[in-house]
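The residues making up each chain are set out below.
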Amino acid sequence: MTIIDTPAGWPADEAGALAVQDELRARVVLDEPGPPVGTGLVTGVDVAYDDERDLVAAAAVVLDARTLDVVDEATAVGRVSFPYVPGLLAFRELPAVLAALDALTAGPGLVVCDGYGQAHPRRFGLASHLGVLTGLPVLGVAKNPFAFTYEQPGPRRGATSPLLAGTEEVGRALRTRDGVKPVFVSAGHRVTLEGACAHVLALTPRYRLPETTRHADALCRRALREAAARQGSGV
DNA sequence: GCGACAG
DNA sequence: ATCTTGTCGC
């Protein structure tokens, strides 16, 4: 476990955050197909919060993309540094995520994060922001459609429908399990929307959410519990 | 103008 | 995200 430090130049308020998004947005790369599906490494990242104790914990879990076995993992804990503001989620989550990724020995290869990339009011969600800061290929998987519209995809696993901002396709609703609510996939950086959906399907052989997300979620919650217990015992 | 809105 | 019991099912 490592300690989270605030990245240099990190904005302190909403106005600063909006300015950062406006500047970094131009650096997003969306014309690379992304790594081939089923080979190399895929890393899930997630963050958990304890606002009561002012604690935040992040986890990064690296999987072998072919077998979906865990090959490496790391966690980071620290203080909450930014409030949750719709459209500015990256500023709340990324310091913790970057610290966890830095602590990895292996990978990370392709990164899968909770939330959106291009499906964002200013086309610069968490996944795109993380990609620009690290240079890594990143995609986003969200559990909710945010403020975007979509038609219900077909009932079978693999069915998709466009996630729309007006008439622009900013992501896709992707059915990962027969008859189960879809997930909402968007490209982040250095991967196309098609490639992102193919990766998400490969990562969901059994559950609605990607194996990367499930592992990272479980690990950051555990790291948060342990940090809270340590704080409680005065260490 | 007001509320909704990824996590 | 998080607050929260039991319950149905593999």
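Note that the structure is a prediction, hence the values are computed from the model and not measured.

Some words on the sheet that holds strand S1 (residues 2–3)
No. 1: If you trace the ten strands from one edge of the open sheet to the other, you get S1-S4-S3-S2-S5-S6-S10-S9-S8-S7, paired in mixed fashion. The open sheet has two edge strands with one neighbour each: S1 and strand S7 (149–150).
No. 2: With eight bridges connecting them, strand S3 (residues 55–64) and strand S4 (residues 70–78) associate as antiparallel partners. Opposite Ala58, over in S4, you have Ala76 as the bridge partner.
No. 3: The strands touched by helix H3 (residues 126–134) within the sheet are strand S2 (41–50), strand S5 (110–114), strand S6 (138–142) and strand S10 (183–189), with S10 carrying the most contacts at an inclination of about 25°.

Brief notes about the pattern of salt bridges
No. 1: Evaluation of the coordinates by the stated rule reveals twelve salt bridges.
No. 2: For the salt bridge of Asp114 with Lys143, the shortest nitrogen-to-oxygen distance reads 3.3 Å. Of this pair, Asp114 sits in strand S5 while Lys143 is found in the loop between S6 and S7, placing the two residues 29 residues apart along the sequence.
No. 3: Take Lys143: its relative accessible area is 33%, and that puts it in the partly exposed class.

Quick look at the nonpolar core
No. 1: Residues Val45, Leu94, Val97, Leu101, Leu130 and Val138 are the most contacted members of the largest nonpolar core, which totals 31 residues.
No. 2: Mapped by element, the contributors of at least two residues to this core are S2, S3, S4, helix H2 (89–102), S5 and H3.
No. 3: The greatest single-element share of this core, amounting to nine residues, is contributed by H2.
No. 4: Setting aside chain neighbours within four positions, we find Val97 in contact with Val45, Val47, Ala58 and Leu130.
No. 5: Counting residues in each nonpolar core, the second largest holds 18 residues, with Val42, Val112, Val141 and Ala187 among its members.

Digging into the protein's contact with DNA strand C
No. 1: The full set of residues close to DNA strand C is Ala48, Tyr49, Lys143 and Arg221.
No. 2: For DNA strand C, a phosphate oxygen lies 3.4 Å from a polar atom in the backbone of Tyr49.
No. 3: A distance of 3.3 Å is found between a phosphate oxygen of DNA strand C and a side-chain nitrogen or oxygen belonging to Lys143.
No. 4: Classifying every residue of the surface near DNA strand C gives two nonpolar, no polar and two charged.

Analysis parameters
Residues numbered from 1 in each chain as written. Chains lettered and ligands numbered in written order. Predicted model: local features only at pLDDT ≥ 70, side-chain atom pairs only at ≥ 80, totals over all residues. Heavy atoms only, no water. Pairing = 2+ DSSP bridges. Helix = DSSP H or I, 4+ residues; strand = E, 2+ residues; numbered from the N terminus. Contact = heavy atoms within 4.5 Å. Axes fitted to C-alpha atoms, helices over the stretch in contact; angles between N-to-C directions. Salt bridge = Lys/Arg side-chain N within 4 Å of Asp/Glu carboxyl O. Buried < 20%, exposed > 50% of the residue type's maximum accessible area, 1.4 Å probe, protein only. Core = buried A, V, L, I, M, F, W, Y, C linked by side-chain atoms within 4.5 Å. Near = heavy atom within 4 Å. Polar contact = N/O pair within 3.5 Å; in protein donor to acceptor, adjacent residues only side chain to side chain. Nonpolar A, V, L, I, M, F, W, Y, C, P; charged D, E, K, R; others polar.

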